[in-house]
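# Commentary on secondary and tertiary structure
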Amino acid sequence: MADQLIIFDTTLRDGEQSPGASMNKDEKLRIARQLERLKVDVIEAGFAASSNGDFEAVRGIANAIKDSTICSLSRANDRDISRAAEALKGANRGRIHTFIATSALHMEKKLRMTPDQVFEQARSAVRFARNLVADVEFSPEDGYRSDVDFLCRVIEAVINDGASTINVPDTVGYAIPELYGDFIKTLRERIPNSDKAIWSVHCHNDLGMAVANSLAGVQIGGARQVECTINGLGERAGNCSLEEIVMAIKTRRDYFGLDVGIETQQLLAASRMVSQITGFAVQPNKAIVGANAFAHAAGIHQDGVLKARDTYEIMRAEDVGWSANKIVLSKVSGRNAFKQRLQDLGAQMESESEINAAFARFKELADRKSEIFDEDILALVSSESLAREKEQYGFVSLSQHSETGERPQASIVFTVDGAEVKSASDGDGPVDASLKAIEAQVKSGAEMVLYSVNAISGSTESQGEVTVRLQHSGRVVNGIGADPDIIVASAKAYLSALSKLHSKADRVAAQG
Ligand code: KIV
Ligand code: ZN
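Definitions and limits used
- Residue positions are counted from 1 within each chain, in the order its sequence is given.
- Written order decides the labels, with chains lettered from A and ligands numbered from 1.
- Local features in a predicted model are, by the rule used here, given only for residues with pLDDT of at least 70; side-chain atom pairs are given and counted only at 80 or more, and totals for whole chains, interfaces and linings are based on all residues.
- Side-chain figures throughout are based on the complete set of non-hydrogen atoms in the structure, without hydrogens or water.
- Each metal's donors comprise the N, O and S atoms found within 2.8 Å of it (within 3.2 Å for Na, K or Ca). Water is not part of the atom list, so some coordination spheres may appear incomplete.
- Here a helix means four or more residues in a row that DSSP labels H or I, a strand means two or more in a row labelled E, and each is numbered from the N terminus.
- The rule is simple: take the accessible area with a 1.4 Å probe, protein chains only, and divide by the maximum for that residue type; under 20% is buried, over 50% is exposed, in between is partly exposed.
- Two strands qualify as a pair provided that DSSP identifies no fewer than 2 bridges between them.
- With its strands directed away from the observer, a crossover is right-handed exactly when the path from the first strand over the helix to the second travels clockwise.
- To form a nonpolar core, buried Ala, Val, Leu, Ile, Met, Phe, Trp, Tyr and Cys residues must be joined to one another through side-chain atoms within 4.5 Å.
- Residue contacts follow a heavy-atom distance rule, with two residues in contact if any of their heavy atoms lie within 4.5 Å.
- The axes are straight lines fitted to the C-alpha atoms, using for helices just the contacting stretch, and the angles between their N-to-C directions are given from 0 to 180°.
- Roughly parallel covers angles under 35 degrees, roughly antiparallel covers those over 145, roughly perpendicular covers 65 to 115, and oblique covers all other angles.
- Left-handed describes a crossing whose near helix is turned anticlockwise from the far helix through less than a right angle; right-handed describes the clockwise counterpart.
- Consider each residue's heavy atoms; a residue with any of them within 4 Å of a molecule or strand counts as near.
- Any N or O atom pair separated by 3.5 Å or less is treated as a polar contact, with the protein-specific requirement of one donor-capable and one acceptor-capable atom, and with residues adjacent in sequence counted only for side-chain atom pairs.
- Exposure was quantified through the Shrake-Rupley algorithm and a 1.4 Å probe, taking into account, for residues, occlusion by the shown protein chains and nothing else.
- Residue polarity is assigned by list, with Asp, Glu, Lys and Arg as charged and Ala, Val, Leu, Ile, Met, Phe, Trp, Tyr, Cys and Pro as nonpolar; anything else, Gly included, falls into the polar class.
- The pairing test for Phe, Tyr and Trp rings, Trp by its six-membered ring, is centres within 6.5 Å, and the orientation test on the planes gives stacked under 30 degrees, edge-to-face over 60, and tilted for anything in between.
- The span one expects for a helix is its residue count, reduced by one, times 1.5 Å.
- Any Lys or Arg side-chain nitrogen located within 4 Å of an Asp or Glu carboxyl oxygen qualifies as a salt bridge.

### A few points about the coordination of the zinc ion (ligand 2)
Those protein atoms acting as donors to the zinc ion (ligand 2) are D14 (OD), H202 (NE2) and H204 (NE2), and they sit at 2.0 to 2.1 Å. When the donor residues of the zinc ion (ligand 2) are listed from N- to C-terminus, their spacing reads D-x187-H-x1-H. Here H204 lies in the loop between β8 (198-203) and α8 (210-219) and D14 lies in the loop between β2 (6-9) and α1 (25-37), a separation of 190 residues in the sequence. When its relative accessible area of 2% is taken as the criterion, D14 is described as buried.

The structure is reproduced here in structure tokens:
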């Protein structure tokens, strides 16, 4: 029997540390439910001691999700560990993931501790955690840049103290595949009790090698757990991408000889949901889940694929959630067909009233757009879920005028806490005029640090998906909006970002 590779998803913890990606409890719970549908083995739900909001999110997920192990991060101290244990009480299987930095640089400059102090603290944290839960993971932060002798000493001791998973982070994304694989192998060979723990890899993507490094840690090093995030979400250049790891292991089973329990048809829905909730768009050429990942534009490729699919395709698009028949619904489609399509896409809604609301939005869209693609449905369902947060600012209507040689004008109606507000402005372009009209009323004073437009599907009939990132008083938020009219999509994205900026819900991301 082949070994099983454990998939540990940290979208809700390490992914959330990305500026602007912080989520509230409800959003985290929705993603956790999708991760459960994906059959992720371990969900790192947050960092319970970092804020009340994150504590509640971990607790809510531990109570609601029953098929995956639920994990909370915690620094190596009793208070953090107790908070994590408390938040995990309702879990079927709960795990505490405790960490402390072990590289000379981090110990001296960040922790201001001696190696002996770090050694003792790591041990007492693991012992303390083991008294509270049966499943304890230990991470030596910046492990890859740590002195190997010291690391062996710490890891051997914490395994003796009861850590059953040892995770070796490449915290700053400095590793090279072969070297990282050899590093894990060396640790496993030199540590006498290494066979008493499962070894795990955790790679950041600063040099674009997080997936390659993780795979080398598995293949060369013998790791059997990979820590990763949906869409590779994470601070700086992100974390190792879950969908890429899973499809590499499955597609090259001939080489890796490992099994993963992931329901791969749920990958696209998970990707869309995380992108919609965090406001981080997926680049079109992103492997597995990017809009172009299975598009064969070059004539010679199209010809080959039509004659025999495997001439240019190494995976089936359907296996990761793309539909073979891309035009799925139109305005004559009924509620049952819509509901069935939601199910096929893995985009389950939680109640009949939510399905009704989403169906009403679908009808509205179908009146304006003749062909409704899977991507449209996923965007619509995600915006439906976002609407549940009771956003402070809501879009109502927009008119704008632009003509060559004249300054564009926009007038907009939107709601503030349910009450309609009208505003008008000119601007450098129609989008600029529309957003200035909103800002004239809201007076947020926020700086726009990102504006991007993406076509959801391939043609000019596509919906535009706009991401807006705002920054104010050290807070960064993302808003996303989709509409066949990209100026309306821009206004929706801007209003959504403003709602997040002014939301009282706890969105403070955990900091590791
Ligand atoms: O990158 C890192 O070192 C981490 C640890 C806290 C596991 O995320
Ligand atoms: Zn990390």
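That covers the picture; the talk isn't over yet.
### Quick word on the pairing of β2
Burial along β2 is two-sided: the face carrying I6 and F8 and the face carrying I7 and D9 are both buried. Of the pairings in the sheet, the one linking β2 to strand β9 (residues 225-228) comprises 4 bridges and is parallel in character. When the sheet's bridge partners are listed, D9 is paired in β9 with C228. Direction of pairing for β2 relative to strand β3 (residues 42-46): parallel, over a ladder of 2 bridges. The residue bridging D9 from the neighbouring strand is I43, located in β3. Since β2 and β3 lie parallel, the crossover through α1 that links them has a hand, and here it is right-handed.

### So, the nonpolar core
Generally speaking, nonpolar side chains in soluble globular proteins are found buried as a group. Within the largest apolar cluster, 113 residues are counted, with the highest numbers of intra-cluster contacts made by I166 and W199. Top element by residues in this core is helix α6 (residues 148-160). It accounts for 8 residues. For W199, the residues in contact, after removing those within four places along its chain, are I155, I166, V168, I184, L187, R188, I191, S194, A223, R224 and Q225.

### Structural notes on the packing of α8 against helix α9 (residues 242-251)
Each pair of packed helices can be summarised by the angle the axes make with each other and by the distance between the axes. At their nearest, the axes of α8 and α9 sit 10 Å apart, and the two run at 45° to each other. Comparing their axes, α9 and α8 come out oblique. Between α8 and α9 lies a crossing of right-handed hand. Where α8 abuts α9, its residues V211, S214 and L215 lie against E244, I245, A248 and I249.

### Digging into the site of ligand 1
Near ligand 1 you find R13, D14, H97, F99, S139, E141, P169, T171, H202 and H204, and these make up its full shell. Interatomic distance of 3.1 Å between a side-chain N/O atom of D14 and an oxygen atom of ligand 1. Its free accessible area being 260 Å², ligand 1 has 96% of it covered by the protein chains. Mapped onto the shell around ligand 1, the elements with two or more residues apiece are β5 (94-101) and β6 (135-141). Along the lines of polarity and charge, the residues of the shell around ligand 1 split into 2 nonpolar, 5 polar and 3 charged.

### Considerations on the packing of aromatic side chains
One pass over the structure, following the stated rule, counts 7 aromatic pairs. A ring pair is formed by Y144 and Y180, whose centres lie 5.7 Å apart and whose planes are at 65°; its orientation type is edge-to-face. Here Y144, found in the loop between β6 and α6, pairs with Y180, found in helix α7 (residues 177-190); they are 36 residues apart in sequence, far enough to count as distant. Accessibility classification places Y144 together with Y180 in one group, the buried group. Judged by centre distance (5.0 Å) and plane angle (75°), the rings of Y255 and F256 are edge-to-face. Site record: aromatic cluster; members linked through ring pairs are Y144, Y174, Y180 and F183.

### Focus on α6
With 13 residues, α6 should cover 18 Å at 1.5 Å per step; its first-to-last C-alpha distance of 18 Å lies within 8% of that length. Residues of α6 that are buried include every one of F150, L151, C152, V154, I155, A157, V158 and I159, and no others. On the buried face of α6, the contacting elements are α4 (104-111), α5 (115-132), β6, β7 (165-170), α7 and β8. With a side-chain oxygen positioned 3.3 Å from the backbone nitrogen of D149, the residue opening α6 is D147. Within two residues after α6, G162 carries a phi angle of roughly 120°, on the positive side.

### A short note on the sheet that holds β6
In any sheet, the strands associate via hydrogen bonds between backbone groups, in a parallel or an antiparallel arrangement. Strand order in the closed barrel made by the 8 strands is β2-β3-β4-β5-β6-β7-β8-β9, with parallel pairing throughout. Adjacent strand axes in the sheet meet at a mean angle of 25° when their direction is disregarded. Looking at chain direction, β3 and strand β4 (residues 69-75) are connected through 4 bridges and run parallel. Each residue of the ladder has a partner; that of I43, found in β4, is I70. Packing against the sheet, α1 makes contact with β2 and β3, and its axis sits at approximately 175° to β3. Sitting on the sheet, α5 touches β5 and β6, and the angle it makes with β5 is about 170°.

### Details of the pattern of salt bridges
Tallied over the entire structure, the rule returns 36 salt bridges. Of the charged contacts, one joins D80 and R79 as a salt bridge, the two residues approaching to 3.4 Å between their closest N and O atoms. Residue D80 is classed as buried on the basis of its relative accessible area of 1%. Between D259 and R253 there is a salt bridge, and its shortest N-O distance comes to 2.9 Å. Note on R253: relative accessible area 39%, which makes it partly exposed. A cluster of three or more residues bridged by salt bridges with shared partners is formed by R13, D14 and E44.

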